[in-house]
Amino acid sequence: MVLNPPTREELIEENARLRRTVARLTGQTHPVSYLTAASAARLTPRPTPPDGMSMVDGITRLYNRPAFVAIANQRLKAITRREVPTTLLTFGLEDSDGIASRLGDETMDDARRAAGTLLRETFRESDLIGRLDDDTFAVLAVDAAEDATATLQGRFFQVLEGWNGSTSKAPYRLSMGVRTANFVPDRHTSVEDLLADTES
């Protein structure tokens, strides 16, 4: 079955609902940002995908794996000599096989879409977010020291619990695990090295 990606109107409605959830659960009207607009622009080169390469995942509207890797490597190259604390977080959807077997592939894609929207609405505008494969997502948090990364991670799980509680009317419960790797220029020459650390 070929599933159409969500319409712009559906995404706007979903994002507005999740913004209200974030505000209610965290007391903030916008995800926290530790970068000024100027520094974010300085540390974030404009994406330059190869000709013919799609940058966006059709289900979640996040960056797909090739685009995420290309842009993440640009960012790591830009910060290598600046001693900017950077962390890679990978999130894995749990019980995906169970959801698919009980409720079907279309509902499983709804769960992936919801997970992507929660990540996009919870993390900072300066963070790079992508869907790496069926059930794995990644966030590259630049200029995020260990305490800031813990805050962002905690906020995500707080919002996730809120979504599973009173917010969501979905016939399933979203559960996600997380792994992290701190960027060390002497050890990590690319985002692939960071991904390997989160998988070890």
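As the structure is a computational prediction, the values presented were derived from the model and not from experiment.

S.K.: Got a sec to walk through the overall build of the protein? Specific residues and values, please.
M.R.: Counting its regular elements, the protein contains 7 helices and 4 strands. Along the protein, from the amino end to the carboxyl end, the secondary structure elements read α-α-α-β-α-α-β-β-α-β-α. Every one of the 200 residues in the protein was classed for burial, and the buried ones make up 46%. When contacts within the protein are restricted to residue pairs at least 6 apart in sequence, those whose partners lie at least 24 apart make up 74%. By element, 48% of the accessible surface of the protein is carried by carbon and sulfur atoms, the whole surface being about 10500 Å².

S.K.: Summarise the pattern of salt bridges; cite the residues concerned and give the values.
M.R.: What the rule picks out here adds up to 9 salt bridges. The network of salt bridges with shared partners includes Asp57, Arg131 and Asp134.

S.K.: Kindly report on the packing of helix H3 (residues 65–79) against helix H7 (residues 191–199), identifying the contributing residues and their values.
M.R.: Interaxial distance between H3 and H7 falls to 9 Å at its minimum, and their mutual angle equals 110°. Between H3 and H7, the angle is such that the two are roughly perpendicular. Of the residues in H7, those in contact with Arg65, Phe68, Val69, Ala72, Asn73 and Leu76 of H3 are Val191, Glu192, Leu194 and Leu195. Its residues placed into classes, the contact of H3 with H7 shows 7 nonpolar, 1 polar and 2 charged.

S.K.: Can you explain the side chain of asparagine 164? Please cite residues and give values.
M.R.: On the secondary structure map, asparagine 164 appears in helix H6 (residues 146–167). Residue classification places asparagine 164 among the buried residues on the basis of a relative accessible area of 17%. Reaching out from asparagine 164, the side chain makes a polar contact with the backbone oxygen of leucine 174 at a distance of 2.7 Å.

S.K.: Tell me about helix H4 (residues 96–103), and name the residues and values.
M.R.: Listed as buried for H4 are Ser96, Gly98 and Ile99. Projected down its long axis, H4 carries its buried residues within an arc of 160°, all on one side. Exposed and oriented more than 90 degrees from the buried face of H4 are Asp97 and Ser101. For H4, the secondary structure elements touched by its buried residues are strand S1 (86–93) and helix H5 (105–122). Phi turns positive one or two residues past the end of H4, at glycine 104, with a value near 100°.

S.K.: Please give an account of the sheet that holds strand S2 (residues 128–133) that cites residues and values.
M.R.: Read from one edge to the other, the open sheet built from 4 strands follows the order S2-S3-S1-S4, with strand pairing classed as antiparallel. Two strands close off the open sheet at either side, each with one partner strand: S2 and strand S4 (176–182). Taking the axes of each pair of neighbouring strands and ignoring which way they run, one obtains an average angle of 20° across the sheet. Lying over the sheet, H3 contacts S1, S2 and strand S3 (136–142), oriented at roughly 140° with respect to S2.

S.K.: Can you break down the environment of glycine 58 residue by residue, with the values?
M.R.: Considering the arrangement of structural elements, one finds glycine 58 in the loop between helix H2 (37–43) and H3. What makes glycine 58 partly exposed here is its relative accessible area of 35%. Taking the C-alpha atoms as reference, glycine 58 lies 9.6 Å from arginine 113; in sequence the two are 55 residues apart.

What counts, and at which threshold
- Numbering of residues begins from 1 in every chain and follows the order in which that chain's sequence is written.
- pLDDT decides what is reported in this predicted model: residues at 70 or higher carry local features, side-chain atom pairs at 80 or more are listed and counted, and totals for whole chains, interfaces and linings draw on all residues regardless.
- To get the side-chain values, all heavy atoms of the structure are used, and hydrogens and water are removed first.
- Helix and strand definitions follow DSSP, with helices as H or I runs of at least four residues and strands as E runs of at least two, each counted in order from the N terminus.
- Throughout, exposure labels follow a simple rule: accessible area from a 1.4 Å probe, protein chains only, divided by the maximum for the residue type, with under 20% read as buried, over 50% as exposed, and the rest as partly exposed.
- Contacts are assigned to residue pairs that have any heavy atoms within 4.5 Å of one another.
- Throughout, the Shrake-Rupley method with a 1.4 Å probe supplies accessible areas, and for residues the shown protein chains are the sole cover considered.
- Salt bridge, as used here, is a side-chain nitrogen of Lys or Arg placed within 4 Å of a carboxyl oxygen of Asp or Glu.
- Fitted lines through C-alpha atoms give the axes, limited to the stretch in contact for helices. The angle between two N-to-C directions lies from 0 to 180 degrees.
- In these notes the angle categories are as follows: under 35 degrees is roughly parallel, over 145 is roughly antiparallel, 65 to 115 is roughly perpendicular, and the rest is oblique.
- By the convention adopted, Pro, Cys, Tyr, Trp, Phe, Met, Ile, Leu, Val and Ala count as nonpolar, Lys, Arg, Asp and Glu as charged, and the other residues, Gly among them, as polar.
- Two N or O atoms count as a polar contact when they lie within 3.5 Å, although within protein this holds only if one can serve as hydrogen donor and the other as acceptor, and sequence-adjacent residues are included solely when both atoms are side-chain atoms.
- When we speak of the arc, we mean the arc of directions from the helix axis to the C-beta atoms.
- For two strands to pair, DSSP has to find at least two bridges joining them.

Worth remembering: the numbers are spatial, not functional.
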